[in-house]
Structure formats: C-alpha cells, structure tokens
Amino acid sequence: MTTWIFLRGLTRESRHWGSFTDTFAHAVPDARVITLDLPGNGDLNQLASPVRVEEMAEHCHAALQALAVTKPCKVLAMSLGAMVAVAWADAHPQDIDSCVLINTSMRPFSPFHQRLRPRNYLPLLRLAVAGGKAREHERAILGLTSQLRADSDTVTAAWTRIHEAHPVTGANALRQLFAAARFRAPARKPAAAMLLLASTRDTLVNAACSRALAAAWHCELRLHPSAGHDLPLDDGEWVAEQVRQWLERNPHHHTRTPAGDARR
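Starting afresh in each chain, residues are numbered from 1 along the sequence in its written order. Local features in this predicted model are restricted to residues of pLDDT 70 or higher, and side-chain atom pairs are both shown and tallied only at a pLDDT of 80 or more, whereas totals for entire chains, interfaces and linings draw on every residue. Heavy atoms from the whole structure form the basis of all side-chain values; hydrogens and water molecules are not counted.

Caption draft 1: Examining the layout of surface pockets more closely. In this structure, the largest pocket encloses a volume near 880 Å³. What lines the largest pocket is a set of 47 residues, among which Leu10, Thr11, Leu124, Ala173 and Leu177 lie closest to the centre. Runs of H or I in DSSP of at least four residues are treated as helices and runs of E of at least two as strands, each being numbered from the N terminus. Those elements that place two or more of their residues in the lining of the largest pocket are helix H3 (80–91), helix H4 (112–115), helix H5 (121–129), helix H6 (134–145), helix H7 (152–165) and helix H8 (170–182). Element by element, the count of residues in the lining of the largest pocket is highest for H8, at 6 residues. Each residue receives one of three labels: charged for Asp, Glu, Lys and Arg, nonpolar for Ala, Val, Leu, Ile, Met, Phe, Trp, Tyr, Cys and Pro, and polar for the others, Gly being one of them. Considering only residue class, the lining of the largest pocket consists of 24 nonpolar, 16 polar and 7 charged. In this model, the second largest pocket occupies a volume close to 220 Å³. The definitions used throughout rest on a 1 Å grid laid over the protein atoms alone, on which a cavity is an enclosed set of points accommodating a 1.4 Å probe that cannot get out and a pocket is an open set flanked by protein within 12 Å on both sides along at least five of seven lines; lining residues are those having an atom within 4 Å of a point. Around the second largest pocket, the lining is made up of 16 residues, and of these Trp17, Gly18, Ser19, Arg149 and Leu233 lie nearest the centre. Grid points are joined across faces, edges and corners, and a volume is the space filled by probe spheres set on the points.

Below is the structure:
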C-alpha cells in the first residue's frame, strides 16, 4: 500500500474531508489514507495553534513518527495545509516523496491581495472572532468556499455537527490566519515531486497563486474551471482522477508500504 497523509486548511479538520477520503482511496491504486489534524483543530482543538507554519509541520512530523509507518509517504493538502506540507517536505525530506497541493498560496511568489482576495478580509475576521450559532457560521464558510454544491443544506448540517463537537476558538482561528499570512516558502522547491491543483472560480485565493508557484518550481498544474476553494468538496472525483493520472505519468512517484503499517 501507499500511505497518503491528508491535511486540511484554516480551522478545518479531518472530518471535513467527508466522503472524499473514500473517493480517493477507490480511484488511486493502493492508496491508504491517513488524515491528520493541525493543532487547534479537530481532536486537537484544545491545543493552541502555532503561529508559525513551520511549527505545524514539526507537529505533523512527530505525528507521523508516532504512527510508525514506512517512509517516505505522500501528502495531499489544501490551503493552509498545503503550506504545512511544503514546510514539512523541506524540513524532513525523508518523510515525503510527493505532494499534491490544492488551492494554496505562498510568499514570495504571490502578493497578499492574490493570496487572500480583499473582499474576504472582513468576513474572515468576523468568522474568526464572532460568536453566534454554529449553523450560521458553517453556512457562511460554505458560501465562501464552495461553488458547486447543490446539497448545501446537507453539507451545512454535517459541518454544524463537527463545529459543535470540536469547536475552534477565535484565538486559534486568528493564530492560524497569522501563521498563513507570514509563511514564506523556500525559494528552491523541496525535493518531493509536486502536483498543483487549483480552481479558477476560487473566491478566496486567486488561482494566479498556483500558476506562480508552478512556474517558479516547475511543477505540473491542473486547473478546475468551475469549483470553489474547497475543491475536494466541490469535485472530489476530479481531484482523485488528476492524482491518478499524475501517478500514471510519473510511475517513479509510487512508493509502497506494507499494508499493515498504516492506520486510517
């Protein structure tokens, strides 16, 4: 089996992958998926979120060590999680041989107004610091991150249950925003092979950020014409298929681990 580590973004957790983990495992040969939460999110919501992406990467490195899986692994990550994946691959190249980065953005390759579209500054700050009902909070996030979901009520209900079970504090949301804003990627691409996926209708992060990163690091880039920021939510089958095709085109990216080593 090939071990894949999944990392979500700002204030999101493992449960927000929803059915995508199964979609991915069925589409990508020999994939065993492990989802990790960043400190402050999900099962780790009682921890203080680090204010540096590099510290989040060190947490993931330690978590992988605790799982005792055979390395190197592969990582699929989106947004803030993709920044963590880059920092992790740079600091611990023995951990990761391939990364799929979804709708991410990084200094020094893109200006701030592309990394976070200005129309979202106030809404995101309000979501980070305001209280209110969980359902309203999650409906607002879905409105910012999705373009294609016809079942918005179902998704909102599922996310509301996650929010109520594992709330992210306002302080941790701000700490994650700060970490994302200040992160600076290495000028030279980490050794891991990389595939970039981006949505042209992402209203949070301009797809130009992925184009700039792909050009700087000479990575393959695939663009979805109609999905929003949460690309695995809007079109998980497309994401899985892009990864499957990428692996087929680059068979040396395959890494196999004993089936019993990884835990879901």
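Caption draft 2: Fine view of helix H1 (residues 20–27). What H1 keeps buried is the set Phe20, Thr21 and Phe24. Angular distribution of buried residues about the axis of H1 spans 100°; they occupy a single face of the element. Those residues of H1 that are buried lie in contact with strand S1 (2–7), strand S2 (31–36), strand S3 (73–78) and helix H10 (231–249). Each residue's exposure class comes from its accessible area (1.4 Å probe, protein chains only) as a fraction of the maximum for that residue type: buried when under 20%, exposed when over 50%, partly exposed otherwise. An arc is given here, and it is the one of the directions from the helix axis to the C-beta atoms. Whether two residues are in contact is decided by their heavy atoms: any pair within 4.5 Å suffices.

Caption draft 3: Region of the structure containing the state of the cysteines. Two cysteine sulfur atoms form a disulfide, by the criterion used here, when they sit within 2.5 Å. This structure, assessed with the given rule, holds 0 disulfides. Cysteine cysteine 60 remains unbridged, with the sulfur of cysteine 99 as its closest cysteine sulfur at 11 Å. On the basis of relative accessibility, which here comes to 0%, the residue cysteine 60 falls in the buried class. Cysteine 99 provides the cysteine sulfur closest to cysteine 73, a residue in no disulfide bond, and the two sulfurs are 11 Å apart.

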